[in-house]
Amino acid sequence: MEYLSHLSQTAKRAMSSNFTERFKALTDELDRGWKVDLARRCGVSRPTVTHWRSGRTHSADPVQLFAIADYFGVNARWLATGEGPKWLEVADSTAEVSTGGPLATKGDTP
């Protein structure tokens, strides 16, 4: 991995982590009830969300992946592959962006 020698240890770890690790990192500190809410938004059962978190299911299909990314306000590419910026960037600071997910700030929910 000499081509990665210029990257920091943190960057290398982020690139090598998988969907389950990234999903866990997003959900580690959430209050109860998020699994049911996310399952509804993704059109899956709550056990499916549990399987994503435990690693029993190693990824989500593209539609579910985008729903998860929208829910948490993260970049879908980062969630799927670990590449690119983690957080979505808002091009226009006056634009209203709201995922309504658990990481939304007060006043962001619809």
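These figures come from a predicted structure and were not determined experimentally. Each residue is numbered by its place in its chain's sequence as written, counting from 1. With the structure being a predicted model, the display of local features is reserved for residues of pLDDT at least 70 and the display and counting of side-chain atom pairs for 80 or more, all residues being used for whole-chain, interface and lining totals. To obtain the side-chain values, all non-hydrogen atoms of the structure were used and water was disregarded.

Engineer: When you look at the overall build of the chain in this model, what are you seeing that I'm missing?
Structural biologist: Comment: elements are numbered from the N terminus, with helices defined as DSSP H or I runs of at least four residues and strands as E runs of at least two. Counting its secondary structure elements, the chain contains six helices and zero strands. Taken over 110 residues, the chain has a buried fraction of 31%. Excluding contacts between residues fewer than 6 apart, the proportion of contacts in the chain whose partners are at least 24 apart in sequence is 50%. Surface exposure here means Shrake-Rupley accessible area, sampled with a 1.4 Å probe, where a residue is shielded only by the protein chains that are shown. Of the accessible surface of the chain, which amounts to about 7,500 Å², a share of 51% is contributed by carbon and sulfur atoms. Whether a residue is buried, partly exposed or exposed follows from its accessible area with a 1.4 Å probe, protein chains only, as a fraction of its type maximum: under 20%, in between, or over 50%, in that order. Any two residues whose heavy atoms approach within 4.5 Å at even a single point are treated as in contact.

Engineer: Even after reading the chapter, I still don't get the packing of helix 3 (residues 34-42) against helix 5 (residues 62-72), so can you show me in this structure?
Structural biologist: Any two packed helices are characterised by the angle at which their axes cross and by the distance between the axes. Between helix 3 and helix 5, the least distance of the axes is 9 Å, while the angle of their chain directions is 130°. Of the possible angle classes, the one that applies to helix 3 and helix 5 is oblique. Helix 5 is crossed by helix 3, and the crossing has right-handed handedness. Each of W34, D37, L38, R41 and C42 in helix 3 lies in contact with helix 5, whose residues at this interface are Q64, A67, I68, Y71 and F72. An axis is simply a line fitted to the C-alpha atoms; with a helix, the fit covers only the stretch in contact. Between two such axes, the angle follows the N-to-C directions and lies from 0 to 180 degrees. Roughly parallel means an angle under 35 degrees; roughly antiparallel means over 145; roughly perpendicular covers 65 to 115; every other angle is labelled oblique. Should the near helix be turned anticlockwise from the far one by less than a right angle, the crossing is left-handed, and should it be turned clockwise, the crossing is right-handed.

Engineer: What's the story with the nonpolar core in this structure? I'm lost.
Structural biologist: Looking at soluble globular proteins, one finds that nonpolar side chains tend to be buried together. Among the buried residues, those of types Ala, Val, Leu, Ile, Met, Phe, Trp, Tyr and Cys that are joined through side-chain atoms within 4.5 Å form a nonpolar core. Core analysis: the biggest nonpolar cluster contains 22 residues, and F23, L38, W52, I68 and F72 have the highest contact counts within it. Elements supplying a minimum of two residues to this core: helix 2 (19-27), helix 3, helix 4 (46-54), helix 5 and helix 6 (76-81). Tallying contributions element by element places helix 5 first for this core, with six residues.

Engineer: What am I meant to see in the packing of aromatic side chains here?
Structural biologist: To describe a pair of aromatic rings, you give the distance between the ring centres and the angle between the ring planes. Stacked, edge-to-face and tilted are the three classes for Phe, Tyr and Trp ring pairs, Trp counted by its six-membered ring, which pair at centre distances within 6.5 Å; planes under 30 degrees apart are stacked, over 60 edge-to-face, the rest tilted. Evaluated as defined, the whole model comprises five aromatic pairs. Summarising the aromatic geometry, the rings of F19 and F23 are spaced 5.7 Å apart at their centres and angled 20° between planes, so their arrangement reads as stacked. In this pair, F19 and F23 are both assigned in helix 2, four residues apart and thus about one turn of the helix distant. Of the residues examined, F19 reaches a relative accessible area of 4% and is grouped as buried. Given a relative accessible area of 0%, F23 falls into the buried group. Taken together, F19, F23, W34, W52, Y71 and F72 form an aromatic cluster joined through their ring pairs.

Engineer: Would you mind going over the pattern of salt bridges with me for this structure?
Structural biologist: Opposite charge on two side chains allows them to pair when their charged atoms are near. In what follows, salt bridge is the name for a side-chain nitrogen of Lys or Arg lying within 4 Å of a carboxyl oxygen of Asp or Glu. Counted by the stated rule, this structure contains two salt bridges. With a shortest N-O distance of 2.6 Å, D28 and R53 are connected by a salt bridge. Of this pair, D28 sits in the loop between helix 2 and helix 3 while R53 sits in helix 4, placing them 25 residues apart in sequence. Residue R53 is classed as partly exposed on the basis of its relative accessible area of 22%. Salt-bridge contacts for R41 lead to D37; the nearest nitrogen and oxygen are separated by 3.7 Å. Here R41 and its partner D37 are both found in helix 3, four residues apart, which amounts to about one turn of the helix. Relative accessible area serves as the criterion here: at 40%, R41 is assigned to the partly exposed category.

Engineer: Explain the side chain of Q64 here, please?
Structural biologist: As for its position among the elements, Q64 is in helix 5. Q64 sits in the buried class, given a relative accessible area of 15%. Not counting residues within four places of it along the chain, the set of residues in contact with Q64 comprises C42, V44 and W52.

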